[in-house]
Number of protein chains: 2
Amino acid sequence: MSLFFMLAAAAASPVAKPVPSAGEIVAASPAADWQTIAPQDLLVMDLASDAAGRPRRVVIQLMPPPFSQGWVGNIRKLAGAHWWDGLSVYRVQDNWVSQWGDGEGEDKSKAKPLPAGLAKVPQEQYVSPARVMSSQSQPSRDAYAPSTGYFEGWPIAYSTKSSWPVHCYGSIGVARDNPPDSGTGAELYAVIGHAPRQLDRNLAVVGRVIEGMQHLSSLPRGPAPMGVYANVEERTPIVALHPATEVPDLPRYEYLSTTSGSFDRYAEASANHREPFYVQPAGGIDICNLKVPVRRKK
Amino acid sequence: MSLFFMLAAAAASPVAKPVPSAGEIVAASPAADWQTIAPQDLLVMDLASDAAGRPRRVVIQLMPPPFSQGWVGNIRKLAGAHWWDGLSVYRVQDNWVSQWGDGEGEDKSKAKPLPAGLAKVPQEQYVSPARVMSSQSQPSRDAYAPSTGYFEGWPIAYSTKSSWPVHCYGSIGVARDNPPDSGTGAELYAVIGHAPRQLDRNLAVVGRVIEGMQHLSSLPRGPAPMGVYANVEERTPIVALHPATEVPDLPRYEYLSTTSGSFDRYAEASANHREPFYVQPAGGIDICNLKVPVRRKK
């Protein structure tokens, strides 16, 4: 059994001191380089237990301003109203998305009424008119945007005039119909395959999964082409989706500040792997492969 | 229920003829633009049926020359000897790989003996010294290589002097230990997440899944950090992995020739979505998002 990427600990050498790997840089980073995620910015989705009775908890972090805030506000209202409780993950399409919300929503006679006060959010909110900058840039070439970087721990793409959040593995977005302002935030998807960057600026990225991603990515796929389950029994029930502030036993989470020196070194080491396993470092890394480290706070 | 990407059929318009979408271009492409895949280049992996008794068949296409042929030769021998029959998928790591072979291989007293005559393949075979060119290039910017394109239906990266196959969703590679010539082809992985392009030129890409990918991507994840199942009962048994020439009921498969005009138009439409759903085409697409269409022959 060959476990590639189970890298051997760098052997002590009398000649040269081993260069730390990306993982070693993250592990050795000082506590001051980590930013606590406010529980107010987290949601907790508890899916029905799996066939073996194991719980399936998905922890979601919401996108910060200035991005997608119309939809994020709607999602806070929906979670506060426990609108998703009793609904389901009704669509899982391979190398694409798992989607949840009201599986009966297209039939107006069966659709679950939405809470009052949700905003109609215009397509202009897919992009921030400000060119939000962090002090770290991500210099690798990108097929979809003039440049990419990080803002408060989130992967972002830029043009000379604007910036927008990108679709990576684990990103959460707002499903919609053809009119670009038709998504409320009630129907959400998480990316479970190769980053569908063609969706950037076409759908609202509103958050990401920071724990429990495997509970969305390992669900049985629905039939092609859309992944909608043929039978409602195949859907995965959502027991509850609530604001994290209602979950007393939830751990605290933190991310490696994307303006820290540790993140800089982590990015450099990720683009230029020097571990003994590698024979040819790439010299670059795309924005979705350079994942911002997130962990439970000790 | 909002099913984004369930695009409405383009409405007949008295003003402008709708531009065909990428999917419509593929569907309308002439039969002459499709290349049959020789059954000699296919393997069939039958996993144990799922909990509901449904069969799980994975169809694998092997990499053509000039790439990775030392390992491909070993894999043909292993399949011909039915070496994988009765072994398992023993490792599933989220956003990374599903890996199969001998789950007891690291314990020499329990390891299944390999068939005689497997080649020791040198790391030089990770890259072809020839700059293999197809007539189609993929002009979008790439974070990992000077340029990318397609060769006989496969995504390839190039430098000025060489070329190599890339790791995309569904790509199959040869697991190994630290020495770059330590992989035989007996332990294989399929990519089940965002393309781990940092592995290009560091591991041998030997094939891809052309049907049944969901049977590898939806398996329960093993525990972090490596995804190896804690209990052998959690492994997914391989009933048989055989050359396709031994499977009489197998459909024939074909791919859209990457030197055809249809593929050119498909690539252009994929980089510049004009369907009514899109409000902002990207103007580019990365090599792993522009998937080469593969289908059953009618």
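Residues numbered from 1 in each chain as written. Chains lettered and ligands numbered in written order. Predicted model: local features only at pLDDT ≥ 70, side-chain atom pairs only at ≥ 80, totals over all residues. Heavy atoms only, no water.

As recorded by an unreviewed UniProt entry, chain A carries the name peptidylprolyl isomerase and is attributed to Novosphingobium hassiacum.

**Q** I tried to follow the sheet that holds strand β3 (residues 56–62) of chain B on my own but got confused; where do I start?
**A** Think of a sheet as strands paired side by side through backbone hydrogen bonds, with each pair either parallel or antiparallel. All names here are of chain B. Spatially, β2-β3-β12-β10-β11-β5-β4-β13 is the arrangement adopted by the eight strands of the closed barrel, whose pairing is antiparallel. Here the average twist between neighbouring strands, direction ignored, is 35°. Contacts from helix α2 (residues 69–80) reach β2 (42–47), β3, β10 (171–174), β11 (188–191), β12 (205–211) and β13 (236–243) within the one sheet, and its direction differs from that of β13 by about 105°. (Pairing = 2+ DSSP bridges. Helix = DSSP H or I, 4+ residues; strand = E, 2+ residues; numbered from the N terminus. Axes fitted to C-alpha atoms, helices over the stretch in contact; angles between N-to-C directions. Contact = heavy atoms within 4.5 Å.)

**Q** I would appreciate a short explanation of the state of the cysteines in the present structure.
**A** Formally, a disulfide is one covalent bond, and it connects the sulfur atom of one cysteine to the sulfur atom of another. Residue and element names in this part refer to chain A. The full count for this structure, using the stated rule, is two disulfides over all chains. In this model, Cys168 is linked to Cys288 through a disulfide, with the two sulfur atoms separated by 2.0 Å. With the S-S dihedral at roughly -75°, the linkage between Cys168 and Cys288 falls on the left-handed side. Here the residue Cys168 occupies a position in the loop between β9 (163–165) and β10 (171–174), and Cys288 occupies one in the loop between α4 (261–271) and β15 (294–296), the gap between them amounting to 120 residues. (Disulfide = S-S within 2.5 Å.)

**Q** Explanation requested: the pattern of salt bridges in the structure shown.
**A** A side chain with one charge may pair with a side chain of the opposite charge, provided their charged atoms come close. Residues and elements named next belong to chain B. Going through the model one piece at a time under the given rule, you end up with 29 salt bridges over all chains. Here Lys110 makes a salt bridge to Glu104, at a shortest N to O gap of 3.9 Å. Linking Glu268 and Arg274 is a salt bridge whose minimum nitrogen-to-oxygen distance equals 2.6 Å. For Arg274, a relative accessible area of 42% translates into the label partly exposed. (Salt bridge = Lys/Arg side-chain N within 4 Å of Asp/Glu carboxyl O. Buried < 20%, exposed > 50% of the residue type's maximum accessible area, 1.4 Å probe, protein only.)

**Q** Where do I start with the relation of the copies chain B and chain A in this structure?
**A** Both copies of the chain are related through a single rotation about an axis accompanied by a shift along the same axis. If you rotate chain B by 180° and push it 0.0 Å along the axis, it lands on chain A with an RMSD of 0.0 Å. When the rotation and shift are considered jointly, the pair of chain copies conforms to a two-fold rotation axis. An overlap of 99% is found between the interface residues of chain B and their copies at the interface of chain A, pointing to a shared contact surface. (Least-squares fit on C-alpha atoms with pLDDT ≥ 70 in both.)

**Q** Would you explain the interface of chain B and chain A in this entry?
**A** Frequently, the measure chosen for interface size is the accessible area that the parts lose on association. With 74 residues of chain B in contact, the opposing surface of chain A contributes 73 residues. Across the chain B/chain A interface, buried area totals approximately 6,200 Å², and carbon plus sulfur atoms make up 54% of it. The interface formed by chain B and chain A holds two salt bridges in total. Its salt-bridge partner being Glu234(A), residue Arg54(B) comes within 3.9 Å of it at the nearest N-O pair. Mapped by element, the contributors of at least two residues to the side of chain B that touches chain A are β4 (88–92), β5 (97–101) and α3 (214–217) of chain B. The residue inventory of the side of chain B that touches chain A, partitioned by class, reads 37 nonpolar, 20 polar and 17 charged. (Buried area = accessible area lost by both parts, 1.4 Å probe. Nonpolar A, V, L, I, M, F, W, Y, C, P; charged D, E, K, R; others polar.)

**Q** Hey, could you run me through the pairing of strand β12 (residues 205–211) of chain A in this one?
**A** Working note: regular strand, side chains alternate between the two faces of the sheet. Residue and element names in this part refer to chain A. Within β12, six of the seven residues are buried, which leaves the element mostly enclosed by the surrounding structure. Across four bridges, strand β3 (residues 56–62) lies against β12 in antiparallel orientation. When the bridges of β12 are listed, Val59 appears paired with Glu211.

**Q** Could you clarify how one ought to interpret unusual backbone geometry in this entry?
**A** Keep in mind that most residues, glycine aside, have a negative phi and that most peptide bonds are trans. All names here are of chain A. Note the cis peptide between Pro65 and Pro66, where omega equals 10°. One can find Pro66 in the loop between β3 and α2 (69–80). Its identity as a non-glycine residue notwithstanding, Ser68 has a phi of 60°, on the positive side. Examined against the element boundaries, Ser68 turns out to sit in the loop between β3 and α2.

**Q** What am I meant to see in the sheet that holds β12(A) here?
**A** Residue and element names in this part refer to chain A. Here eight strands make up a closed barrel; going around it, the order is β2-β3-β12-β10-β11-β5-β4-β13 and the pairing antiparallel. Geometrically, the sheet is characterised by an average inter-axis angle of 35° between neighbouring strands, direction not taken into account. Two elements, strand β4 (residues 88–92) and strand β13 (residues 236–243), share two bridges in a ladder whose sense is antiparallel. Bridge pairing links Val89 to Thr236 in β13. Packing against the sheet, α2 makes contact with β2 (42–47), β3, β10, β11 (188–191), β12 and β13, and its axis sits at approximately 105° to β13.

**Q** How should the pairing of strand β14 (residues 253–256) of chain B be read in this particular structure?
**A** Residues and elements named next belong to chain B. Neither face of β14 is left uncovered, since the one carrying Tyr253 and Tyr255 and the one carrying Glu254 and Leu256 both have all their residues buried. Bridge count between strand β1 (residues 34–36) and β14: three bridges; the pairing is antiparallel. The residue bridging Thr36 from the neighbouring strand is Glu254, located in β14. Pairing geometry for β14 and strand β15 (residues 294–296), over three bridges, is antiparallel. The residue bridging Tyr253 from the neighbouring strand is Arg296, located in β15.

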